[in-house]
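Chains, contacts and geometry: an overview
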Amino acid sequence: MIATHQVRRADGSLQRLADYAGQVLLIVNTASQCGFTPQYAGLEALWRKYRDQGFAVLAFPCNQFGAQEPGSAEEIASFCSVHYDVSFPLFGKIEVNGPGADPLYKELKAAAPGLLGSRSIKWNFTKFLVDREGRVVRRYGPQVKPEALERDIEALL
């Protein structure tokens with residue numbers, strides 16, 4: 001269950017995902033130097049539109065795809081704030097694939113495999129939609145823009 005996980009915030013402190021219990025979540029692995037980086041704007045728009053209805057975007061920077069997230073937590077947070085006015089939670093940099101994959105991502109991938117049942121994350125900005133009960137509802141590839149998720153988000157709110 002998603003709520004059982006603890007994750008590291010950008011400042012290094014631990015955050016229990018149980019703190020988000022009862023909310024619809026969009027969990028995304030992000031990168032600042034990626035062709036999909038402009039999706040930060042769409043993620044922020046979703047967060048601002050739906051946060052008062054119990055919705056949260058949780059961003060997990062990851063440097064596993066083309067080394068497109070090389071910066072420190074402070075550099076990432078500054079980039080997101082300056083370029084995209086990001087106000088949703090940014091967490092510490094994690095791995096999403098391989099032996100060092102964060103336990104949260106192991107669960108997300110098992111609950112919502114990708115194309116042809118693949119468990120690995122293929123690239124930055126893969127998105128997982130989680131319902132209010134903490135169940136993974138759907139996985140979206142990086143090419144799916146945040147605004148295309150509105151109908152699915154609204155159905156869960």
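What you see is a predicted model; the values in this text were computed from it and never measured. (Residues numbered from 1 in each chain as written. Predicted model: local features only at pLDDT ≥ 70, side-chain atom pairs only at ≥ 80, totals over all residues. Heavy atoms only, no water.)

1. Focus on the pairing of strand β5 (residues 127-130)
The condition that has to hold: Accessibility here uses a 1.4 Å probe with only protein chains present; expressed as a share of the type maximum, an area under 20% marks a residue as buried, one over 50% as exposed, and anything in between as partly exposed. Secondary structure elements are taken from DSSP: a helix is a run of H or I of four residues or more, a strand is a run of E of two residues or more, and numbering for both begins at the N terminus. Strand pairing is defined by DSSP finding a minimum of two bridges between the two strands.
Residues Lys 127 and Leu 129 of β5 are buried on one face, and the alternating residues Phe 128 and Val 130, pointing to the opposite face, are buried as well. The pairing of strand β3 (residues 24-30) with β5 spans four bridges and is antiparallel. If you follow Leu 25 over to β5, its bridge partner there is Val 130. Pairing of β5 with strand β6 (residues 136-140) involves four bridges; the strand directions are antiparallel. Bridge assignment links Val 130 to a residue of β6, and that residue is Val 136. In textbook terms, the turn of a hairpin is the stretch between consecutive antiparallel strands, and for β5 and β6 this stretch comprises five residues, one of which, Gly 134, has a positive phi near 85 degrees.

2. Some remarks on the packing of aromatic side chains
The test is simple: Each Phe, Tyr or Trp ring, with Trp reduced to its six-membered ring, pairs with another whose centre is within 6.5 Å; inter-plane angles below 30 degrees give stacked pairs, above 60 give edge-to-face pairs, and intermediate values give tilted ones.
Under the defined criterion, the tally for this structure stands at nine aromatic pairs. Measuring from ring centre to ring centre gives 4.7 Å for Phe 60 and Phe 91, while their planes differ by 10 degrees; the resulting arrangement is stacked. Of this pair, Phe 60 sits in strand β4 (residues 55-61) while Phe 91 is found in the loop between α2 (73-84) and α3 (103-111), placing the two residues 31 residues apart along the sequence. Summarising the aromatic geometry, the rings of Phe 60 and Tyr 105 are spaced 6.1 Å apart at their centres and angled 75 degrees between planes, so their arrangement reads as edge-to-face. You can see Phe 60 sitting in strand β4 and its partner Tyr 105 sitting in helix α3, a full 45 residues away along the chain. A relative accessible area of 1% means that Phe 60 is categorised as buried. Taken together, the ring pairs connect Tyr 40, Phe 79, Tyr 84, Phe 88 and Phe 125 into an aromatic cluster.

3. Overview of α3
The criterion, for reference: Working definition: the arc comes from the directions between the helix axis and the C-beta atoms, pointing outward to the latter. We call two residues contacting when some pair of their heavy atoms lies within 4.5 Å. We call two N or O atoms a polar contact when they sit within 3.5 Å, provided that within protein one can donate a hydrogen and the other can accept it, with sequence-adjacent residues counted only if both atoms are side-chain atoms.
Inspection of α3 places Leu 104, Tyr 105, Leu 108 and Lys 109 among the buried residues, and these make up the whole buried set. Seen along its axis, α3 keeps its buried residues to an arc of 125 degrees; they face one direction. Elements that come into contact with the buried residues of α3 comprise β1 (6-8), β3, β4, β5 and β6. Capping the start of α3 is the job of one residue whose side-chain oxygen sits 2.8 Å from the backbone nitrogen of Leu 104: Asp 102.

4. Let's talk about the pattern of salt bridges
Quick reminder of the rule: Counted as salt bridges are all cases of a side-chain nitrogen of Lys or Arg within 4 Å of a carboxyl oxygen of Asp or Glu.
The final tally for this structure, using the stated rule, is seven salt bridges. Among the ionic pairs, Asp 85 bridges to Arg 48, the shortest N-O distance being 2.8 Å. On the criterion of sequence distance, the pair formed by Asp 85 in the loop between α2 and α3 and Arg 48 in helix α1 (residues 39-50) is long-range, its members being 37 residues apart. For Asp 85, a relative accessible area of 45% corresponds to the partly exposed category. One salt bridge connects Lys 49 with Glu 150, and the closest N-O pair in it is separated by 2.7 Å. Note that Lys 49 is positioned in helix α1 and Glu 150 in helix α4 (residues 150-156), a separation of 101 residues in sequence. Here Glu 150 falls in the partly exposed class, since its relative accessible area comes to 22%. A single network of salt bridges, built from pairs that share partners, joins Glu 44, Arg 48 and Asp 85.

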